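# Report on the structure
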Amino acid sequence: MSDEKPWPDSIHAGDCEQHEPLVRRVLAPNPSPYTFTGTQTWIVGAGRDVAVIDPGPTGSGFSVGDPADANGVGHVDAILRAVGDARVAVILCTHTHRDHSPAAAPLKEATGAPIIGCAPLVISDSGPRADSAFDPDYAPDRVLADGERISGDGWTIEAVATPGHTSNHLCFALVESGALFTGDHVMAWSTSVVSPPDGDMAAYMASLSKLYAREDRVYYPAHGPAVTKPKQLVRGMLGHRKQRERQILKELERGTAIIPDMVSHMYKGLDPRLTGAAGRSVLAHLLDLEQRGRVARDADAWRLVA
């Protein structure tokens, strides 16, 4: 998360930018503290057909108190301009947050391409729900399993299951070039929000370790710049999360028992608009520690387990 919005000099919303022979990017018009310069829709392929990854938001997308700006006015038209005369063979979604998947339906209507990728999200947890951030209308024609591949003219995409940010999150590997489209799982501009009940810190850490073991050449996230040193970034992200865990344990040692106080101590100078997300991340760490028998809670108060 970041409150800075330094638009890249080389691209503006609606424009198409070539990143490598098989990869183009179209930026959606939805910058915000949660989406950085906006959602990046990736177009894969340079021949007769292409794949579209994370078609992004659609419509105005605005609602009072909406933490993630989902404005997508004109974005589907921009994608179609970028595709040109090629056929859209498949529409792939990494996950179903409202800044990623809603444009899949109108893009399918315009092109006839199937929606393939992550599963629809169903939250069965009886506690506080996070449905408001998700796309309730996402309806894939096919769900990809971990390691499953789909191919077109000169390109092959493999699904890499990476739960944690959301339980249904997938990354997509471009076999021909060694690129990995990481959605919201790994980004250079910010750490990913892990918000319970669907977001799971243990799963997120396991997914980071899974990516660290891979040999991808470059990451193309859904927000922010390309990652040209993937292993270095992932190693740093693993260390950052472990450091946050240590901070939380120290706060509990000092007698800090409630999450808002932990956030105020741990996130100095944080934009007030991001305190809620920081609190959800702290909760995710605490739930992970609880599962491991390190902490316990009484209502909203947390404590170390002796």
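Rules and cut-offs
- Residues numbered from 1 in each chain as written.
- Predicted model: local features only at pLDDT ≥ 70, side-chain atom pairs only at ≥ 80, totals over all residues.
- Heavy atoms only, no water.
- Axes fitted to C-alpha atoms, helices over the stretch in contact; angles between N-to-C directions.
- Helix = DSSP H or I, 4+ residues; strand = E, 2+ residues; numbered from the N terminus.
- Parallel < 35°, antiparallel > 145°, perpendicular 65-115°, else oblique.
- Left-handed = near helix turned anticlockwise from the far one by under 90°.
- Contact = heavy atoms within 4.5 Å.
- Nonpolar A, V, L, I, M, F, W, Y, C, P; charged D, E, K, R; others polar.
- Buried < 20%, exposed > 50% of the residue type's maximum accessible area, 1.4 Å probe, protein only.
- Polar contact = N/O pair within 3.5 Å; in protein donor to acceptor, adjacent residues only side chain to side chain.
- Pairing = 2+ DSSP bridges.

## Some thoughts on the packing of helix H4 (residues 230-253) against helix H5 (residues 259-266)
The packing of two helices is summarised by the inter-axis angle and the distance between the axes. It is the contact of H4 with H5, at a shortest axis distance of 11 Å, that shows an interaxial angle of 120 degrees. When the axes of H4 and H5 are compared, the pair comes out oblique. Considering only the axes of H4 and H5, their crossing is right-handed. In this structure, H4 contributes Arg244, Gln247, Ile248, Glu251 and Leu252 to the contact, and H5 contributes Met262, His265 and Met266. Residue classes in the contact of H4 with H5 are distributed as four nonpolar, two polar and two charged.

## Section: the environment of aspartate 54
Positionally, aspartate 54 belongs in the loop between strand S4 (49-53) and helix H1 (75-83). For aspartate 54, a relative accessible area of 1% puts it in the buried group. In this structure, the C-alpha to C-alpha distance between aspartate 54 and threonine 94, residues 40 residues apart in sequence, is 6.3 Å. With near-sequence residues (within four places) excluded, aspartate 54 lies in contact with Gln40, Thr41, Leu92, Cys93, Thr94, His95, His100, Gly183 and Ala222. Within polar-contact distance, the side chain of aspartate 54 engages the backbone nitrogen of threonine 94 at 2.9 Å.

## What to know about the sheet that holds strand S10 (residues 170-174)
Reading across the sheet, the five strands line up as S8-S9-S10-S11-S12 and stay open at both edges, with mixed pairing between neighbours. Edge positions in the sheet fall to strand S8 (149-152) and strand S12 (218-221), since each of these pairs with one other strand and no more. On average, adjacent strands in this sheet sit at an angle of 25 degrees to one another, irrespective of strand direction. Note: strand S11 (residues 179-183) against S12, four bridges, orientation parallel. Considered in S12, the bridge of glycine 183 is made with proline 221.

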